[in-house]
Amino acid sequence: MDVGGWLRGLGLGQYESAFIENAVDTDVLADLTEGDLEKLGIPLGDRKRLIKAIKATAGGSPSALITSEAEEKVPSNYFPAAERRHLTVMICDLVGSTALSARLDPEDMGAVIDAFQAACARITLAFALRREE
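Residues numbered from 1 in each chain as written. Predicted model: local features only at pLDDT ≥ 70, side-chain atom pairs only at ≥ 80, totals over all residues. Heavy atoms only, no water.

A. Highlighting the overall build of the protein. Counting its secondary structure elements, the protein contains eight helices and zero strands. The N-to-C order of helical and strand elements in the protein reads α-α-α-α-α-α-α-α. Pairs at least 24 apart in sequence give 43% of the contacts found in the protein among residues at least 6 apart. With an accessible surface of roughly 10300 Å², the protein has 56% of that area assigned to carbon and sulfur atoms. (Helix = DSSP H or I, 4+ residues; strand = E, 2+ residues; numbered from the N terminus. Contact = heavy atoms within 4.5 Å. Areas by Shrake-Rupley, 256 points an atom, 1.4 Å probe, with all protein chains shown as cover.)

B. Geometry of the side chain of Arg47. Within the element layout of this structure, Arg47 appears in helix 5 (residues 44–58). You can call Arg47 buried: its relative accessible area is 10%. Leave out the neighbours within four places in its chain, and Arg47 touches Glu34, Leu37, Glu38 and Ile42. (Buried < 20%, exposed > 50% of the residue type's maximum accessible area, 1.4 Å probe, protein only.)

C. Inspection of the pattern of salt bridges at higher detail. This structure, assessed with the given rule, holds five salt bridges. For the salt bridge of Glu34 with Lys48, the shortest nitrogen-to-oxygen distance reads 3.1 Å. Separated by 14 residues along the polypeptide, Glu34 in helix 4 (residues 34–39) and Lys48 in helix 5 bring together distant segments of the chain. Assessed through its relative accessible area of 40%, Lys48 is described here as partly exposed. One salt bridge connects Asp46 with Arg49, and the closest N-O pair in it is separated by 2.8 Å. Of this pair, Asp46 and Arg49 both sit in helix 5, three residues apart, which is roughly one turn of the helix. Under the relative-accessibility criterion, Arg49 is labelled partly exposed at 47%. (Salt bridge = Lys/Arg side-chain N within 4 Å of Asp/Glu carboxyl O.)

D. Main features of the side chain of Asp46. On the accessibility criterion, Asp46 (14% relative accessible area) is buried. With residues up to four places along the chain from it excluded, the contact list for Asp46 reads Leu12, Gln14 and Tyr15.

E. Examining the nonpolar core more closely. The biggest cluster of nonpolar side chains holds 16 residues, and the ones touching the most others in it are Trp6, Phe19, Leu37 and Leu50. Those elements giving two or more residues to this core turn out to be helix 1 (3–9) and helix 5. Counting residues per element, this core draws most heavily on helix 5, which supplies four residues. Those residues in contact with Leu50 that sit more than four places away from it in its chain are Trp6, Leu7, Leu10, Leu12, Phe19, Leu37 and Ile42. (Core = buried A, V, L, I, M, F, W, Y, C linked by side-chain atoms within 4.5 Å.)

F. Summary view of unusual backbone geometry. At Ala23, a position not held by glycine, the phi torsion is positive, near 55 degrees. Looking at where Ala23 falls in the secondary structure, it is placed in the loop between helix 2 (16–21) and helix 3 (26–29).

G. Broad picture of a nonpolar patch on the surface. On the surface, Leu87, Val89 and Ile91 cluster together into a nonpolar patch covering about 400 Å² of accessible area. Its place among the elements puts Val89 in the loop between helix 6 (69–72) and helix 7 (97–103). (Patch = residues over 30% accessible without salt bridge, like charges linked within 9 Å, V, L, I, M, F, W, Y side chains within 5 Å.)

H. Fine view of the environment of Leu7. Here Leu7 shows up in helix 1. Residue classification places Leu7 among the buried positions, given a relative accessible area of 0%. Through-space distance from the C-alpha of Leu7 to that of Leu50 is 8.6 Å; in sequence the pair is 43 residues apart.

So this is what it looks like as structure tokens:
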């Protein structure tokens, strides 16, 4: 891809000389930041247009994203420390369900599974109510 032709296609051909003078070619295009474009003397509106076009050209791949100066200035302590919590997972299985599914019609097997899940829900609800007492 020719960067000059690409810029002209975007209606931003007036910046072709700045790109040429600063040796900006397709291999570094995806690495440009908003700050880099500002150093080239490109006004804010056109910087934003170029950033959108570069992202679209790069296909939005994470390795080719353009970072803005605001993103670069996020302090490392901005995100609070992770909070650890205990998690209990209970897995209930219907013993013999695989063999049963081979013998039953799919609709009948669905009814068996529904009944099993309803029974588990009732037990869970009863347990929860006892804990509240």
